[in-house]
Each structure stands twice: as C-alpha cells, then as structure tokens.
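Residue-level structural notes
Residue-level listing of the chains:
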Amino acid sequence: MNNLTAWERLQLIRTPGRPTVQDYLPRLFTDFTELHGDRLYGDDGAILGGIGRLNGTPVTLIAQVKGRNLKENQASNFAMPHPEGYRKALRLARQAEKFHRPVICLIDTPGAFCGIDAENRGQGEAIAQNLAEFMTLRTPVISVILGEGGSGGALALGVCDTLAMLENALYSVISPRGFASILWKDGSREKDACALLHMTAEELVKLGVNDHIIPEPAGGAHNDIDKISANIHEYLSMQIERNLQKDIDLLLQERYTKFRKIGAVRE
C-alpha cells in the first residue's frame, strides 16, 4: 500500500534521475526507428515517435520526453509539447491504423506549452483533434503515465483502450501550481492543491479514470530502472495480446463507453 501523499509523489516524480522515456525505450522495444515531423510545420522535441517491436510485435510508440539534464530539457521544451508535436503524434497514429499496428503512448508532461507562438499555431485545435481522432482510431491504443500527467497536454495521448499509471504517477485536469494560481491567486499553494485534485493512481482507479497501477520499486522508479521497465513491459505485453484478439468494433465501443462513464457523480 502506497501511503505517500500527492504532494510527496509530486516531489518524487520530479526527482533528478527518475527514468524518462529515453531510459525505458531500449529496455522495452527492439528495432526502434524514430520518425520526425508533422508534415505541416516542423518537428517537436517534446514528443518522440516511431516504430519498434514489443516481443516481436510491430508497434507505434508515441511518448512525451522529459530531459535528464538541462540540455535535454531545453531540447524537449521541458516536456511541454507544441501543436506540431501533437500533430506528429496524430500523423503516426493514423499511420499505425493504416498498417494495423497497436499504438503505445507514454505520458509524462506538466502540460502542453502555453506560449503565444504555440497558441498562434493552433495549440487548442491540435489537442482537440487528437482527442476526437484517437477516440475512433481503428487499432488498439494503450497509454501509460510515467510521471506527470498534466491537463489537456496529457489527455491528448490519454484517449485509449486501457490506461495505466506508475505507482507514484499523477494525472490531473490541471497542474497543482496552475490550480492554486487560478483558485487562490497564489501558485505557491500547490501543496494544498495536490490534496484537493484527487490525482493519485489509487484515487483515479476509484474514479474509473485509471485501469491499472504498475508497481514501482521501493523509494521510486529511479531506484531500479530494470525492475520498473520489466513491470511496464509485462503490462504492455498483456494488453497488446488481449486487445489484438478483440474485434475492432467491440474495442471501439468499449473505448467509447470507458470515457462516457468518466465524470458520473452521485449526490
């Protein structure tokens, strides 16, 4: 049983040395080939995409990139994608659908980049397009939240058949600092915001948002990268095998139903 608070988990997933997609990629996939660009504007270092194999099965990987040092964070815009990143993701998802490859999304972002240039290039539209098209994508989609899953920037890769979260990962409608800034006009109160957002893996299982919790080594994923990679690999392998056996129309109906149920409340 994980007794860490959401605030404590937030500190943990921001610990320098916590594994990123760059650490997981060679441990999860073979024969990986990265693909670049959205064919509209340019490439985005905050989203990595390409084709590889998981247990010999061809898959399309779409992942948000956190840097392991300042140079890598600058290259990936601190894991905050621009619209061209989301359009690249959608291009690769459409390609996966065409060639009947399952899509694996690895989510790790505080949120989409909210700068003026990103807005001018259609940030909101790019995210909305992903939400709409991933809902009807005729191939299995599996998403895993590795660390932070913030706002629409995470949800753009979170429309899937099954969603899993690492044990200490967080998933929320807005970042805690953003929540505090809007609600209390004081971003420094993000610790208070963490307590109200119901953003931990266990809470989101109860709410029907999260389907599975992937256990982390004691003290966090950075303490045993090989162990956490093996846990992620086991989950992905099981879900791909299961979803590939389903009729695609049934899979789409289950995907639709999964998201229609989210948000139901009882007073």
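So, here's what we can say about the structure. Owing to the predicted nature of the structure, the values given are computational and were not obtained by experimental measurement.

What counts, and where the lines are drawn
- Residues numbered from 1 in each chain as written.
- Predicted model: local features only at pLDDT ≥ 70, side-chain atom pairs only at ≥ 80, totals over all residues.
- Heavy atoms only, no water.
- Phe/Tyr/Trp six-rings, centres within 6.5 Å; stacked < 30°, edge-to-face > 60°.
- Buried < 20%, exposed > 50% of the residue type's maximum accessible area, 1.4 Å probe, protein only.
- Lys NZ or Arg CZ within 6 Å of the ring centre and 35° of its normal.
- Helix = DSSP H or I, 4+ residues; strand = E, 2+ residues; numbered from the N terminus.
- Pairing = 2+ DSSP bridges.
- Contact = heavy atoms within 4.5 Å.
- Polar contact = N/O pair within 3.5 Å; in protein donor to acceptor, adjacent residues only side chain to side chain.

**Quick word on the packing of aromatic side chains**
Summed over the entire model, instances satisfying the criterion amount to one aromatic pair. When the ring of phenylalanine 179 is compared with that of tryptophan 184, the centres are 5.7 Å apart and the planes differ by 75°; the resulting orientation is edge-to-face. Given a relative accessible area of 25%, tryptophan 184 falls into the partly exposed group. The ring of tyrosine 41 has arginine 121 lying over it, and the distance from NZ or CZ to the ring centre is 4.3 Å. The ring centre of phenylalanine 259 lies 5.7 Å from the NZ or CZ of lysine 258, which sits over that ring.

**Brief notes about the pairing of strand 5 (residues 141–150)**
The element strand 5 is extensively covered by neighbouring structure, given that ten of its ten residues are classed as buried. Bridge count between strand 4 (residues 103–109) and strand 5: six bridges; the pairing is parallel. Each bridged residue has a counterpart across the sheet, and for cysteine 105 the counterpart in strand 5 is serine 143. Summarising the sheet, strand 5 and strand 6 (residues 162–166) pair through four bridges and their orientation is parallel. Paired with isoleucine 145 across the two strands is methionine 165, which belongs to strand 6. Judged from the three bridges that link them, strand 5 and strand 7 (residues 170–172) form a sheet pairing that is parallel. The residue of strand 7 that forms the bridge with glycine 150 is serine 172.

**Here we look at the environment of asparagine 231**
Along the chain, asparagine 231 turns up in helix 11 (residues 225–244). Each C-alpha atom, one on asparagine 231 and one on tyrosine 24, is 11 Å from the other, the two residues being 207 residues apart in sequence. Sequence-distant contacts of asparagine 231, that is, excluding residues within four places in its chain, are made with Ile214 and Pro215. Looking at asparagine 231, its side chain comes within polar contact range of the main-chain oxygen of proline 215, at 2.9 Å.

**Notes on the pairing of strand 2 (residues 47–54)**
In terms of residue burial, strand 2 counts as a mostly covered element, since six of its eight residues are buried. Judged from the four bridges that link them, strand 1 (residues 30–35) and strand 2 form a sheet pairing that is antiparallel. From the neighbouring strand, leucine 35 faces strand 2, where its bridge partner is glycine 49. Pairing geometry for strand 2 and strand 3 (residues 57–64), over eight bridges, is antiparallel. For isoleucine 47, the partnering residue across the bridge sits in strand 3 and is glutamine 64. The antiparallel pairing of strand 2 with strand 3 creates a hairpin that spans two residues between the two strands, and asparagine 55 there sits at a positive phi of about 55°.

Function cannot be inferred from these measures alone, as they are strictly geometric.
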